[in-house]
Amino acid sequence: MIARLAGARKAPADLVMRARIIALSWDGLRVAAIAAELGCHAKTVRWWLHRFNDLGLEGL
């Protein structure tokens, strides 16, 4: 489901970005690399990773 959302073209952009954060994390990228790849702040990446770890897919 995460991979499908990460590559979606018709889903809301914020949801796609959050799914990409998770997918890139699963690929082994560190927080700083994910932030650089997506053009966001490292705190944002950490926040979404923690939220996903706590709540799962519902957290996105």
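Notes on the structure in this doc start here.

How each quantity is defined
Residues numbered from 1 in each chain as written. Predicted model: local features only at pLDDT ≥ 70, side-chain atom pairs only at ≥ 80, totals over all residues. Heavy atoms only, no water. Phe/Tyr/Trp six-rings, centres within 6.5 Å; stacked < 30°, edge-to-face > 60°. Helix = DSSP H or I, 4+ residues; strand = E, 2+ residues; numbered from the N terminus. Buried < 20%, exposed > 50% of the residue type's maximum accessible area, 1.4 Å probe, protein only. Expected span 1.5 Å × (residues − 1). Contact = heavy atoms within 4.5 Å. Axes fitted to C-alpha atoms, helices over the stretch in contact; angles between N-to-C directions. Parallel < 35°, antiparallel > 145°, perpendicular 65-115°, else oblique. Left-handed = near helix turned anticlockwise from the far one by under 90°. Nonpolar A, V, L, I, M, F, W, Y, C, P; charged D, E, K, R; others polar.

### What about the packing of aromatic side chains?
Scanning the entire structure with this criterion turns up two aromatic pairs. Ring geometry for Trp26 against Phe52: centres 6.0 Å apart, planes inclined by 65°, an arrangement best described as edge-to-face. Here Trp26 is found in helix α2 (residues 13-26), whereas its partner Phe52 is found in helix α4 (residues 42-55), with 26 residues between them in sequence. Aromatic pair Trp47 and Trp48: ring centres 4.7 Å apart, planes at 85°, arrangement edge-to-face. Classification of Trp47 by relative accessible area gives partly exposed; the value is 48%. Its relative accessible area of 11% is what places Trp48 among the buried residues.

### Description of α2
Spanning 14 residues, α2 covers 20 Å between terminal C-alpha atoms, matching the ideal 20 Å at 1.5 Å per step. Here α2 has its buried residues at Val16, Arg18, Ala19, Ile21, Ile22, Ala23 and Leu24. Contact partners of the buried residues in α2: α1 (2-6), α3 (31-38) and α4. Phi for Gly28, located one or two positions after α2, is positive at around 100°.

### What to know about the packing of α3 against α4
Where α3 contacts α4, the two axes come as close as 8 Å, and the packing angle between them is 110°. Taken together, the axes of α3 and α4 lie roughly perpendicular to each other. Of the two elements, α3 crosses α4, and the hand of that crossing is right-handed. Across the interface between the two elements, Val31, Ile34 and Ala35 from α3 touch Ala42, Val45, Arg46 and Leu49 from α4. When grouped by side-chain class, the residues that make up the contact of α3 with α4 number six nonpolar, no polar and one charged.

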